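Residue strings, one per chain:
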Amino acid sequence: MNFLVYQDTAKQWRWTLFAANNLKIANSGEGYWNKTDCFAAITLVKGSGSAPVYER
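Every chain is numbered independently, its residues counted from 1 as its sequence is written. Thresholds applied to this predicted model are a pLDDT of at least 70 for local features of residues and 80 or more for the giving and counting of side-chain atom pairs; totals over whole chains, interfaces and linings are not thresholded and use all residues. To get the side-chain values, all heavy atoms of the structure are used, and hydrogens and water are removed first.

Novice: Lay out unusual backbone geometry in plain terms, naming residues and giving numbers.
Specialist: For lysine 11, which is not a glycine, the phi torsion comes out positive at approximately 65°. Elements are defined by DSSP. Helices are runs of H or I of four residues or more, strands are runs of E of two residues or more, and each kind is numbered from the N terminus. Inspection of the secondary structure puts lysine 11 in the loop between strand E1 (2–7) and strand E2 (13–18). We classify lysine 11 as exposed; its relative accessible area is 55%. The backbone of asparagine 22 shows a phi angle near 70°, a positive value even though the residue is not glycine. By secondary structure assignment, the location of asparagine 22 is in the loop between E2 and strand E3 (24–27). What makes asparagine 22 exposed here is its relative accessible area of 55%. The buried label goes to any residue with under 20% of its type's maximum accessible area, the exposed label to any with over 50%, and the partly exposed label to all in between, with areas taken from a 1.4 Å probe on protein chains only.

Set out below in structure tokens:
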């Protein structure tokens, strides 16, 4: 898996997470004005492995 960090057309930073087979499996859902904030969001996603999963 890998993250791709890029600037969108509005010059905001975004990320996309790709699976090993190169399919998109997640994205930032919002743009960040600062590249540092974008990387902080990636760190939050990486650290969420112990977050509970709920089902409806």
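And the narrative resumes.
Novice: Can you lay out the sheet that holds E1 for me, pointing to particular residues and giving the numbers?
Specialist: By the convention used here, strands pair only if DSSP detects at least 2 bridges between them. Here we have three strands laid out as an open sheet, ordered E1-E2-E3, and antiparallel in their pairing. Each edge of the open sheet carries a strand with a single partner, namely E1 and E3. Across this sheet, the average inter-strand angle for adjacent strands is 25°, counted without regard to direction. Bridge count for E2 against E3 is three bridges, and the pairing is antiparallel. Its bridge partner lying in E3, threonine 16 is registered against asparagine 27. Contacts are residue-level and defined by heavy atoms, with any inter-residue pair within 4.5 Å sufficient. Fitting a line to C-alpha atoms yields each axis, with helices limited to the stretch in contact; the angle taken between N-to-C directions then spans 0 to 180 degrees. Here helix H1 (residues 35–46) sits on the sheet and contacts E1 and E2; the angle it forms with E2, its principal contact strand, is near 30°.

Novice: An account of H1 is needed here, citing residue identities and associated values.
Specialist: With 12 residues, H1 extends 17 Å from end C-alpha to end C-alpha; this agrees with the ideal 16 Å at 1.5 Å per step. Considered for burial, the residues of H1 that qualify are Cys38, Ala41 and Ile42. The buried side chains of H1 occupy one side of the element, clustering within an arc of 100° when seen end-on. Residues Thr36, Thr43 and Leu44 are exposed on H1 and point more than 90 degrees away from its buried face. Where the residues of H1 are buried, they touch E1 and E2. What a helix is expected to span follows from its residue count: subtract one and scale by 1.5 Å. Of all possible arcs, the one meant is that of the directions from the helix axis to the C-beta atoms.

Just geometry here; none of it tells us what the structure is for.
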